[in-house]
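Each chain, written out:
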Amino acid sequence: MIISMRKNATKEEIEHVCERIREFGFKVHSIEGEERVVIGAVGVGDVTPCLEMLEATPGVESAVRISAPYKFVSREFKAERTRIAVNGVEIGGDEFVVMAGPCSVESAQQIMETAEAVAGAGAKILRGGAFKPRTSPYDFQGLELEGLQLLAQAREATGLAIVTEVLSERDVERVAEYANIIQVGARNMQNYALLKALGKCPRPVLLKRGMSSTIKELLMSAEYLTAHGNPNVMLCERGIRTFETATRNTCDLSAVAVLNELTHLPVIVDPSHATGKQSLVPAVSRAAVAIGADGLLVEVHPCPEKAFSDGPQSLNLEQFRSMMRDLKPYLRLWKETRVAAAATA
Ligand code: PEP
Ligand code: MN
């Protein structure tokens with residue numbers, strides 16, 4: 001249920017409404033908007049008698065049932081887009097945000113050189129895996145703590161914020177010490193123990209869509225994060241598994257449009273994992289801008305042929321610079337569209 005309080009509702013009235021809702025067996029989350037307080041109530045309580053009670057309670061303007069199974073992340077719950085502020089950058093706002101960097105952090109030289117190049121080309125966030133989820137146990141598993149420290153040094157040198165993956169709830173605190181944004185990889189999208197731990201974590205989360213997950217399942221996983229206390233979630237379309245073999249995955253670009261209808265959370269597109277091919281990354285990136293994504297997550301490496309992981313889909317530094325140059329006219333249009341949409345909302 002969503003309960004909109006009257007503009008002039010008092011603190012006592014709001015607290016009283018929350019208490020009554022709890023008596024019906026629901027958990028309560030209130031959001032203080034500019035004009036009014038909106039209360040979200042979720043749980044296993046009985047909705048109909050609770051709605052009747054609310055209609056008769058002072059301070060309540062309206063109370064409605066949320067029909068979607070995901071509550072806090074739905075547009076029904078919150079119409080305006082969620083903006084997530086990270087290190088002076090806003091994701092979900094009026095700027096398209098590019099996150100770029102290597103698949104894996106490999107060495108001080110590699111991450112520093114990449115960080116400087118992507119910052120120079122206009123990226124605002126540095127990506128790099130320190131804990132790597134690899135299909136084979138014999139493949140490079142990441143530098144772990146050393147990787148996190150190298151990312152922090154690169155942030156220090158360039159001012160870029162850091163996004164990096166966590167694989168296990170055991171490592172959440174350790175990764176949160178270094179990262180500005182914590183990535184949940186496709187393979188962990190439905191690791192509910194991890195999602196619950198990240199719900200209590202003070203860092204925003206970039207939640208990647210599982211390779212065989214539906215949009216609804218993605219939103220339910222985002223709901224785990226918000227229901228456990230973390231409202232700062234961005235979703236990432238990184239391609240799904242289909243019968244097609246020309247690309248590593250099939251980039252489900254329409255998912256971006258669907259998500260923009262269903263949720264207020266920012267949506268990021270990862271053209272690197274979605275295609276698996278460096279040559280396809282710029283075209284899919286342009287399409288992501290056109291369809292209204294909030295940003296990109298792009299793999300970039302100073303020498304892709306020597307990369308420890310995902311070399312074939314990584315842009316080299318010059319290719320990244322050139323893609324960023326070519327995106328400029330599309331980004332101007334993106335901004336016009338975004339500002340116009342905000343003005344009519
Ligand atoms: C990655 O970002 O390097 C990664 C492992 O992505 P995904 O979880 O989408 O496969
Ligand atoms: Mn990768």
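Residues numbered from 1 in each chain as written. Chains lettered and ligands numbered in written order. Predicted model: local features only at pLDDT ≥ 70, side-chain atom pairs only at ≥ 80, totals over all residues. Heavy atoms only, no water.

A word on the overall build of the protein chain. The helix and strand inventory of the protein chain stands at eleven helices and 14 strands. Computed over the C-alpha atoms, the radius of gyration of the protein chain is 21 Å, within 12% of the 20 Å expected from 2.2 N^0.38 for a compact globule of 345 residues. Seen through its C-alpha atoms, the protein chain measures out along the principal axes to roughly 65 × 45 × 45 Å. In the protein chain, the proportion of contacts linking residues at least 24 apart, taken out of those at least 6 apart, comes to 69%. Total accessible area on the protein chain is roughly 15500 Å²; 51% of this is exposed by carbon and sulfur atoms. In the protein chain, 39 positive and 43 negative side-chain charges are present, and the distance between their average locations comes to 3 Å. (Helix = DSSP H or I, 4+ residues; strand = E, 2+ residues; numbered from the N terminus. Rg over C-alpha atoms; globule rule 2.2 N^0.38 Å. Contact = heavy atoms within 4.5 Å. Areas by Shrake-Rupley, 256 points an atom, 1.4 Å probe, with all protein chains shown as cover. Lys, Arg positive; Asp, Glu negative; His and termini not counted. Charge placed at Lys NZ, Arg CZ, Asp CG, Glu CD.)

Moving on: the domain arrangement of the protein chain. The domains assigned to the protein chain are domain 1 (2-64) and domain 2 (84-344). The C-alpha centroid of domain 2 is placed 36 Å from the C-alpha centroid of domain 1. (Domains from an automatic or database assignment.)

The next point concerns the site of ligand 1. Near ligand 1, the surroundings consist of 13 residues, among which Arg 127, Ala 186, Arg 187, Lys 208 and Arg 238 are the closest. In this structure, an oxygen atom belonging to ligand 1 sits 3.0 Å away from a side-chain N or O atom of Lys 132. The contact in question runs from an oxygen atom of ligand 1 to an N or O atom on the side chain of Arg 187, over 2.9 Å. Classifying every residue of the shell around ligand 1 gives three nonpolar, three polar and seven charged. (Near = heavy atom within 4 Å. Polar contact = N/O pair within 3.5 Å; in protein donor to acceptor, adjacent residues only side chain to side chain. Nonpolar A, V, L, I, M, F, W, Y, C, P; charged D, E, K, R; others polar.)

Ordered in space as β7-β8-β9-β10-β11-β12-β13-β14, the eight strands form a closed barrel in which the pairing is parallel. Taken over all neighbouring pairs, the strand axes of this sheet differ in orientation by 25 degrees on average, direction set aside. Across the sheet, helix α3 (residues 108-121) is in contact with β7 (97-101) and β8 (125-127); its angle to β8 comes to roughly 145 degrees. Running at roughly 175 degrees to strand β13 (residues 267-269), helix α8 (residues 254-262) makes contact with β12 (233-237) and β13 of the sheet. (Pairing = 2+ DSSP bridges. Axes fitted to C-alpha atoms, helices over the stretch in contact; angles between N-to-C directions.)

What follows covers the side chain of Ser 309. Looking at the element boundaries, Ser 309 is found in the loop between β14 (295-299) and α11 (317-344). Taking the relative accessible area as the measure of exposure, Ser 309 reaches 5% and is therefore buried. Side-chain polar atoms of Ser 309 contact the side chain of Ser 104, separated by 2.6 Å. Once residues within four sequence positions are removed from consideration, Ser 309 is found in contact with Cys 103, Ser 104, Glu 106, Lys 132 and Arg 134. (Buried < 20%, exposed > 50% of the residue type's maximum accessible area, 1.4 Å probe, protein only.)

On to the pattern of salt bridges. Applying the stated rule across the entire model yields 18 salt bridges. The partner of Asp 294 in a salt bridge is Arg 81, with the nearest N and O atoms 3.3 Å apart. Here Asp 294 is found in the loop between α10 (281-291) and β14, whereas its partner Arg 81 is found in the loop between β4 (60-64) and β5 (84-86), with 213 residues between them in sequence. Accessibility expressed as a relative area gives 0% for Asp 294, which makes it buried. (Salt bridge = Lys/Arg side-chain N within 4 Å of Asp/Glu carboxyl O.)

Core analysis: the biggest nonpolar cluster contains 72 residues, and Leu 126, Leu 198, Leu 207, Leu 235, Val 298 and Phe 320 have the highest contact counts within it. Examining the composition of this core, we find that six residues originate from one element, α11, more than from any other. (Core = buried A, V, L, I, M, F, W, Y, C linked by side-chain atoms within 4.5 Å.)

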